[in-house]
Every structure is written in C-alpha cells, then in structure tokens.
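# Coordinate analysis (summary)
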Amino acid sequence: MRWNKYTLITTTEAEDLISSMMMDAGIEGIEIEDKVPLSEQDKSQMFVDILPEGPADDGVARISFYLEPEQDNAKILALVQQGLDEIRGWGVDVGAGTIEASQTEDKDWINNWKEYFHQFYVDDILIKPSWEDLKPEDQGKLLIQIDPGTAFGTGMHETTQLCIRQIRKYLTPGVRLLDVGTGSGILSIAALKLGASYALGTDLDPCAVTAVQENMEVNGIGEESYGVILGNLIDDPQVQREAGSESWDLVTANILAEVLLPLTPVVAGCLKKGGVYITSGIIENKEQVVTEAIRAAGLEVLEVTRQGEWVSVTARRN
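Summary of the structure given here.

## Let's talk about the sheet that holds strand 6 (residues 125–128)
The strand order across the open sheet formed by three strands is 5-6-7, and the pairing between neighbours is mixed. Each end of this open sheet is capped by a strand with a single partner; those strands are strand 5 (120–122) and strand 7 (143–145). Taken pair by pair, the neighbouring strands of this sheet meet at an average axis angle of 30°, ignoring direction. Looking at chain direction, strand 6 and strand 7 are connected through three bridges and run parallel. Residue pairing in the sheet places Lys128 in a bridge with Gln145 of strand 7.

Laid out in structure tokens, this is it:
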C-alpha cells in the first residue's frame, strides 16, 4: 500500500506547538528533522556509539506525517493549515509554513535494515545474524549470533570491536561482568562465550531488555547466566542497588565520552579490587578527558587501543 506523505517546513521555534496541533488534528505519528544540538540531558540518556557533534542549527524544522489514501486527506490538511494560521497569529515565527506532498511505499521499517547486516569476523570470532546459515568452513569457530532489531549493537562498529578484543584479553574464566549500556547485549554475550560466569546488563532503552533476552536465547545462554535491568547506573538508586558495591570483576561501557565522565566514579565503586574497566565510544579528541576522569576516580589506566578514529581505554582498580 502507498501512503501520502506531507512535510511541513517550519522553524525549530514552532516545532513543539505545531507537533501538538497536528496531534489535535488527528494525526497519530510525526517525524521531526532539525539540526538542534543534543542537550546534556539528551546525551546522558544515549548509551550509543555515535558522534556527539552535528551540523550547525539553521533554525529550520521539517515535520512529516503520513495519511492513508482512504483517509480524508483534504480535511486533515485543512485542519493543519488552520492550526498553522492560529500559531502564526500568536506571533510565533513559523517560517515558510509550506507543505510538500509526496507518496511513499508501505515498508517493514523494523526489518528493512537486515539487508545490510551480514556475517563478519572480529579477529577469529564469527558474528552473524541468526537468519544466515552457518557455512561449513565456519563450523567450530567461536560464534556470536546477534539480531539487534531496535536496540544498538551489531558488532560492526569500531567501538564494539575494540571492546570485544579487550574483553578477550582481560577476561579470565568465571568472572562476573557488568555491561553498562548493553544495547543488543553483544558484549555480555561475547564475555559469556569466552568464559564469564554471569553478566548483568543495564540500559535506558526498553527495547534493549527484549533484545538482550532474544539474543541470549538464540546463543543458547540460559537465564541463570545473565540479567538485564532498565535504568541509569549514574543516578538511579534502584539500579545502583542491583549493581552493588565491589561486586564485579569486569565492567564494560561502550558509550559516549560525555556519559563516561559522570559514570566512571560510579563504576569505580562497583569494581572489585583488581577489577578491570573497559570503555569505548570515545572519539579520538576526547581521549584525554576520559583518561583524566578515569585516573581521578582512582583507577589505573592499563592501555589505550585505537581503531579508526575511535579509542578504547582499559583501566584497573588496584
């Protein structure tokens, strides 16, 4: 089925008012595209390996919505135009205030990304999606099957690969792992496959809880070997209680440098003496500020590894 797509060109100043107005007009979902920089609160809730910097804000916002051909498109568009005129009448700058019309096909957006994700190696570790068959030549290899879905972490990103290599280097059989910002659970799965006895993941995204459970199951890992909790280790007392004090041999955090700064002192309290802290998600120009924060938390920096423009810092609590 084809959908009618309408995109309203406006300003970032007016986008919240217009979004609310569209909902009142009966539009069930919208997409907003702008260049507004992430706030510190936004960054603190994004346990993802992305660049924190973006293009300069030009003040322009594009608000798109989709209508079925069978809907009364003319009536809804008239309501949007009426609402836009009212907002303009309040003295709000709505910018161009024009609406572009186009058509788009109905797609399976959740599964569409699968055509771009195929098996690959991190050194001799094979990472593949569950829907691909294991090749005869790969029989017997250390295998991680991962279907991230709406959670972050296929293992293809440099930061994830850096963490997997460091886990392999510093993990000893039977260790307990705390995986902060677990996403798809790929680092926890790697640790368990390499001999960890238990892994606990934390994440802010509810999708991560389901993703971790599904990925653990497809890798044959039982519920007794892992846990996953929703919340922020930095400031959520419940998450902090579940993580405990001096409880973990290994802590991984593949997240933004801006998040590592307030997270690291908390992690230091979670590590056992002699425990190892593996970080990544650090763009190279943030290396110094992260290593300084790690040392300020009383941890010893063991090594810094790099892949492309990304950095991993590994430290230990002595």
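The rest of the description comes next.
## Brief notes about the sheet that holds strand 13 (residues 300–307)
Read across the open sheet, the seven strands follow the order 10-9-8-11-12-14-13; overall the sheet is mixed. Two strands in the sheet have a free side with no partner beyond their single neighbour: strand 10 (226–230) and strand 13. Between one strand and the next, the sheet's axes are offset by a mean angle of 15°, whatever the strand orientation. Bridge analysis of strand 9 (residues 198–203) against strand 10 gives five bridges, and the strand direction is parallel. Residue pairing for strand 10: Asp203 is matched across the bridge by Leu230. Contacts from helix 5 (residues 186–193) reach strand 8 (176–180), strand 9, strand 10 and strand 11 (248–254), with the element oriented near 165° to strand 8.

## Section: the packing of aromatic side chains
On inspection of all chains with the given rule, the structure shows two aromatic pairs. Measuring from ring centre to ring centre gives 6.5 Å for Tyr198 and Trp248, while their planes differ by 25°; the resulting arrangement is stacked. In this pair, Tyr198 is assigned in strand 9 and Trp248 in strand 11, connecting sequence segments 50 residues apart. Sitting over the ring of Trp248, Arg176 keeps its end group 4.4 Å from the ring centre.

The rules behind each value
- Residues numbered from 1 in each chain as written.
- Predicted model: local features only at pLDDT ≥ 70, side-chain atom pairs only at ≥ 80, totals over all residues.
- Heavy atoms only, no water.
- Pairing = 2+ DSSP bridges.
- Helix = DSSP H or I, 4+ residues; strand = E, 2+ residues; numbered from the N terminus.
- Axes fitted to C-alpha atoms, helices over the stretch in contact; angles between N-to-C directions.
- Contact = heavy atoms within 4.5 Å.
- Phe/Tyr/Trp six-rings, centres within 6.5 Å; stacked < 30°, edge-to-face > 60°.
- Lys NZ or Arg CZ within 6 Å of the ring centre and 35° of its normal.

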